[in-house]
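Notes for the structure review
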Amino acid sequence: PLLWLEAPAQVAWSIVLHVWLAAAGTFLLARRALGLGLPAALAAGAVMGLGGFLGAQVEHVNQLNASAWLPWLLLFLDRAMQGGRGRWPSELAAYGVVALTFLAGHTQASYIVLVAAWGYALLRGWDDLRQKRWLPGRWGVFVAARATLAGALMALGQLAPTFELSRLSTRSGGLPYNEAASFSLKPTLVFKAFLPPYLWEPPFSEYVAYVGVAALLLAALGAWAIVRRRRPGGAFVVLAAAGVFLALGAYNPVYYVLYRVVPGMDLFRAPARWLLLYSLGTAVLAGVGLETLRLRRCERMVLSARWI
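My aim in this report is to walk through the structure given alongside it, one point at a time. Each chain carries its own residue numbering, running from 1 in the direction its sequence is written. Only residues with pLDDT of at least 70 are given local features in this predicted model, and only at 80 or more are side-chain atom pairs given and counted; all residues enter the totals for whole chains, interfaces and linings. For the side-chain quantities, the full set of heavy atoms in the structure was used; hydrogens and water were omitted.

**Quick word on unusual backbone geometry**
The residue Phe183 is not glycine, and still its phi comes out positive at about 60°. Numbering goes from the N terminus for both helices and strands, where a helix is a DSSP run of H or I of at least four residues and a strand is a run of E of at least two. Along the polypeptide, Phe183 turns up in the loop between helix 11 (177–180) and helix 12 (190–194). The backbone of Ala270 shows a phi angle near 55°, a positive value even though the residue is not glycine. Relative to the helices and strands, Ala270 is located in the loop between helix 15 (253–261) and helix 16 (275–307).

Spelled out as structure tokens, the structure:
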């Protein structure tokens, strides 16, 4: 669609469009999956699209183009698992999103997006399993599996030569652990990664996950509301925590176990790129926090009206 532009303008428009896509997908995810109000959902979208992670990765255009589809994939999986009239259109849309993620051309980002989607589907489908509702059409694992397979088939024209090339590359047998764990988020960089650079220099772009002080406070409030008040949205608390947990890489003893056991974990460097999960989870939690403040304000207004 951008071929009529000069090459630098094509890249610039691609960056802007995919940042917008990430923000719009997060907005709709917050609205449809959690039922957040318009201001809260807008806040979630803004935190995701304008947050530090995507902003730092705009120079990696293909990584940005793949990462931007994560909220859309979770949105369509969520809609498909809810059943009803929108089930099959949402599932078909999920197939297309997986294909577009692959076609963006950044295999690691596609891998991270799919792992997040499977994790989200498992968490959302837990109630079906707990209540023994063995419905393969709605249980999250089956929906995620069909989306992964169908999306891979749709993108086969790119995945087949990519697979052929990978067998001839230095990564064909997997990377040594010291290479796979390179660019891990050092514990000494945590403050630089998550807090504003007022008293220190910003970290290297791979480690940036700053979302803003207000967003951090709102996300903390949102996580508290979900955990303590048992509001829906626990999947996003897990998503944010998992992003930081995996980003630690070599500084996390569990990462070595995952490297040895989980297929695909030995093919990529830069564990810090798992901060994509943190960015999306924190953005949605910030929306939940803003919604919590709005609801508490409404409760106070109702109580005041009763006394009057």
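The discussion continues.
**Some points on helix 2 (residues 38–49)**
The length a helix should cover is 1.5 Å for every residue beyond the first. Its 12 residues give helix 2 an end-to-end C-alpha distance of 16 Å, which sits within 8% of 16 Å, the value for a rise of 1.5 Å per residue. Exposure classes here rest on a 1.4 Å probe applied to the protein chains alone. A residue is buried below 20% of its type maximum, exposed above 50%, and partly exposed in between. Listed in full, the buried residues belonging to helix 2 are Ala40, Ala41, Ala43, Ala44, Gly45, Val47, Met48 and Gly49.

**Comments concerning the environment of Ala44**
Mapped onto the elements, Ala44 comes out in helix 2. Sequence separation of Ala44 and Ala215 is 171 residues, and the distance between their C-alpha atoms is 8.7 Å. Contact between two residues is taken to exist if any of their heavy atoms lie within 4.5 Å; hydrogens are not considered. Excluding residues that lie within four positions of it along the chain, Ala44 makes contacts with Thr26, Ala30, Ala283, Val284 and Gly287.

**A few points about the packing of helix 5 (residues 70–81) against helix 9 (residues 140–154)**
Between N-to-C directions, angles span 0 to 180 degrees; the directions come from axes that are lines fitted to C-alpha atoms, helices contributing only their stretch in contact. Packing of helix 5 against helix 9 brings their axes to within 10 Å, and their N-to-C directions diverge by 130°. Relative to helix 9, the element helix 5 lies oblique. Like other packed secondary-structure pairs, helix 5 and helix 9 cross with a definite hand, here right-handed. Across the interface between the two elements, Leu77, Ala80 and Met81 from helix 5 touch Gly140, Val143, Ala144 and Ala147 from helix 9. Residue classes follow a fixed rule: Ala, Val, Leu, Ile, Met, Phe, Trp, Tyr, Cys and Pro count as nonpolar, while Asp, Glu, Lys and Arg count as charged, and any other residue, Gly among them, counts as polar. Class assignment of the residues belonging to the contact of helix 5 with helix 9 gives a composition of six nonpolar, one polar and no charged. For classification, angles of less than 35 degrees are called roughly parallel, those exceeding 145 degrees roughly antiparallel, those between 65 and 115 degrees roughly perpendicular, and all remaining angles oblique. Should the near helix be turned counterclockwise from the far one by less than a right angle, the crossing is left-handed, whereas a clockwise turn marks it as right-handed.

Remember that the coordinates give geometry; whether it matters functionally is a separate question.
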